[in-house]
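Remarks on the overall topology
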Amino acid sequence: EQKKKSSESASERLPLPAKILALPGHTFRSSKPAIFGVEIMGGCLKRGIRLMSVSGGIIGEIREIQKEGKGVNEAKRGEQLAISVEGAVCGKSFSEGDTLYSYITRKEADELLACCSSEMSEDEKAVLQEILAITDRRLI
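Residues numbered from 1 in each chain as written. Predicted model: local features only at pLDDT ≥ 70, side-chain atom pairs only at ≥ 80, totals over all residues. Heavy atoms only, no water.

1. Points about the overall build of the chain
Filter applied, for reference: Secondary structure elements are defined from DSSP: runs of H or I of at least 4 residues count as helices, runs of E of at least 2 residues count as strands, and each element is numbered from the N terminus. In this description the radius of gyration comes from C-alpha coordinates, and the expected globular size is given by 2.2 Å times residues to the power 0.38. Relative accessible area decides the class of each residue, using a 1.4 Å probe on protein chains only: under 20% of the type maximum gives buried, over 50% gives exposed, and in between gives partly exposed. Contact between two residues is taken to exist if any of their heavy atoms lie within 4.5 Å; hydrogens are not considered. A 1.4 Å probe and the Shrake-Rupley method give the accessible areas. Residues count as covered only by the protein chains that appear here.
When helices and strands are tallied, the chain shows three helices and eight strands. Shown N-terminal to C-terminal, the secondary structure of the chain runs as helices and strands in the order α-β-β-β-β-β-β-β-β-α-α. Compactness check: the chain gives a C-alpha radius of gyration of 15 Å against a globular reference of 14 Å for 140 residues, within 12% of the reference. The C-alpha extent of the chain, read off along each of the three principal axes, is 45 × 40 × 25 Å. With 140 residues in all, the chain has 39% of them scored as buried. For the chain, long-range pairs separated by at least 24 residues make up 68% of all intrachain contacts whose partners lie at least 6 apart in sequence. Split by element, the accessible area of the chain, about 7600 Å² in all, is 48% carbon and sulfur.

In structure tokens form, the structure reads like this:
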């Protein structure tokens with residue numbers, strides 16, 4: 001019971017692995033905040049997480065997620081929706097057609113795997129491995 005409770009609180013506070021595609025032709029505002037359409041390619045996208053590029057550079061933080069004009073807290077693989085990202089500039093920090101990832105530090109990843117591994121899907125684990133490959137390469 002205690003372990004389940006701690007894993008629930010960890011999954012709420014830790015960023016979850018997510019891989020998204022910035023949809024070409026779906027940029028609604030290029031900055032302050034950038035608002036653009038995305039497709040979830042893997043994992044789970046949540047509000048409040050930071051996004052990074054495939055090179056490991058931080059793009060910005062997700063402020064809002066909207067699907068069909070309604071705010072949602074999270075989105076799963078296959079969904080297409082709009083996100084607003086504070087700090088991002090379309091055409092500068094990322095471009096339409098780019099693949100973006102949730103930014104997860106090695107420490108956060110270790111904690112996520114330690115407490116929530118059994119609840120994570122194979123898809124989320126695969127995306128987490130891609131994220132760690134990027135962040136580990138960035139540290140070298």
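2. Concerning the pattern of salt bridges
Stated precisely, the cut-off is as follows: Throughout this description, the term salt bridge denotes a Lys or Arg side-chain nitrogen within 4 Å of a carboxyl oxygen of Asp or Glu.
Across all of its chains, the model carries seven salt bridges by this definition. Of the charged contacts in the structure, one is a salt bridge between E79 and K67, with a shortest N-O distance of 2.9 Å. Taken together, the residues span a long stretch of sequence, with E79 in the loop between β6 (74-76) and β7 (80-86) and K67 in strand β4 (residues 58-67) at a distance of 12 residues. For K67, a relative accessible area of 28% corresponds to the partly exposed category.

3. What about the pairing of strand β1 (residues 18-29)?
The line we're drawing: One bridge is not enough; two strands pair if DSSP finds at least two bridges between them.
Here seven bridges tie β1 to strand β2 (residues 34-46), and the two strands are oriented antiparallel to one another. Looking at β2, one finds that K19 is bridged to G42. From the end of β1 to the start of β2, which pair antiparallel, there are four residues, and K32 there has a positive phi angle of about 55 degrees. With three bridges connecting them, β1 and strand β8 (residues 99-102) associate as antiparallel partners. Looking at β8, one finds that I20 is bridged to L100.

4. A closer look at the layout of surface pockets
Our working definition: Buriedness for pockets is judged along seven lines, at least five of which must meet protein on both sides within 12 Å for an open set on the 1 Å grid over protein atoms alone, while cavities are sets there where a 1.4 Å probe fits but cannot get out, and lining residues have an atom within 4 Å of a point. Grid points are joined across faces, edges and corners, and a volume is the space filled by probe spheres set on the points. All amino acids are sorted into three groups, where Ala, Val, Leu, Ile, Met, Phe, Trp, Tyr, Cys and Pro are nonpolar, Asp, Glu, Lys and Arg are charged, and the leftover types, Gly among them, are polar.
As a volume, the second largest pocket reaches approximately 150 Å³. Looking at the second largest pocket, the residues that line it are E12, R13, L14, P15, L16, K46, R47, G48, I49, R50, Y103 and E108. Looking at the lining of the second largest pocket residue by residue, the classes come out as five nonpolar, one polar and six charged.

5. Section: the pairing of β8
Across two bridges, the pairing between strand β3 (residues 50-52) and β8 is antiparallel. Bridge pairing in β8 places M52 opposite Y101.

6. Some words on the environment of I58
As for its position among the elements, I58 is in strand β4. Each C-alpha atom of the pair I58 and E12 lies 21 Å from the other, and the pair is 46 residues apart in sequence. I58 has contacts with L51, M52 and Y103, leaving out every residue within four places of it along the chain.

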